[in-house]
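# Architecture and fold: a report
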Amino acid sequence: MSDGWSNDSRPVEELIWRLSGFSGGTTVAFDLAGPYAATASVRYFEMWRIGRDPALCQFVVPGHETSVSRVHAQLNFVPGTGISINDLNSGNGTYLNGERLIGGARHVLQIGDTLRLGHFTLSVSHPC
């Protein structure tokens, strides 16, 4: 089944995605695995939280990115679809391709999408 993520014919459950950006001159990258693509270095989670708090988030942005909330947004693996994102009522908002997301509403991500959490920008790619 093709998923709109790529020309890859594998089911989304077998894919790995990457969210990457720059912070303070350093590349920051988060790899997300479908349940059948998980490896020792890329774990599968049904849901991932992004924010500055390492106790509450699976993907922690650098602490100096103060425009990102402690728990800013949530990514969910949706079987047969891929990954969706929703803003967790963050102070500075989550933007998908320039459009501010309404807190709580889920939006499916596509390869090439740009996410902005506060002033921190991530791009969505398919590394594998």
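To start, this report covers the structure provided alongside it. Computed from a prediction, not measured in an experiment: that's the story for all the values here.

Now for the environment of Ser90. With respect to the helices and strands, Ser90 occurs in the loop between β6 (82-87) and β7 (94-96). For Ser90 and Val68, which are 22 residues apart along the polypeptide, the C-alpha to C-alpha distance reads 7.8 Å. Here the side chain of Ser90 touches His72 through a polar contact of 3.1 Å, side chain to side chain.

Turning next to the pattern of salt bridges. This model, assessed by the stated rule, comprises two salt bridges. Between Asp31 and Arg18 there is a salt bridge, with the nearest N and O atoms lying 2.6 Å from each other. Of this pair, Asp31 sits in strand β2 (residues 26-33) while Arg18 sits in strand β1 (residues 16-23); the two residues are 13 residues apart in sequence, bridging distant segments of the chain. For Asp31, a relative accessible area of 22% translates into the label partly exposed. Residue Arg18 is classed as partly exposed on the basis of its relative accessible area of 30%.

What follows covers the environment of Ser67. Among the secondary structure elements, Ser67 is positioned in the loop between β4 (59-60) and β5 (73-78). In sequence terms Ser67 and Leu101 are 34 residues apart; their C-alpha atoms lie 16 Å from each other. Those residues within four positions of Ser67 in sequence are excluded, and the remaining contacts are His72, Asn92, Leu117, Gly118, His119 and Phe120. There is a polar contact of 2.7 Å between the side chain of Ser67 and the backbone nitrogen of His119.

Reading the values: rules and limits
- Residues numbered from 1 in each chain as written.
- Predicted model: local features only at pLDDT ≥ 70, side-chain atom pairs only at ≥ 80, totals over all residues.
- Heavy atoms only, no water.
- Helix = DSSP H or I, 4+ residues; strand = E, 2+ residues; numbered from the N terminus.
- Polar contact = N/O pair within 3.5 Å; in protein donor to acceptor, adjacent residues only side chain to side chain.
- Salt bridge = Lys/Arg side-chain N within 4 Å of Asp/Glu carboxyl O.
- Buried < 20%, exposed > 50% of the residue type's maximum accessible area, 1.4 Å probe, protein only.
- Contact = heavy atoms within 4.5 Å.

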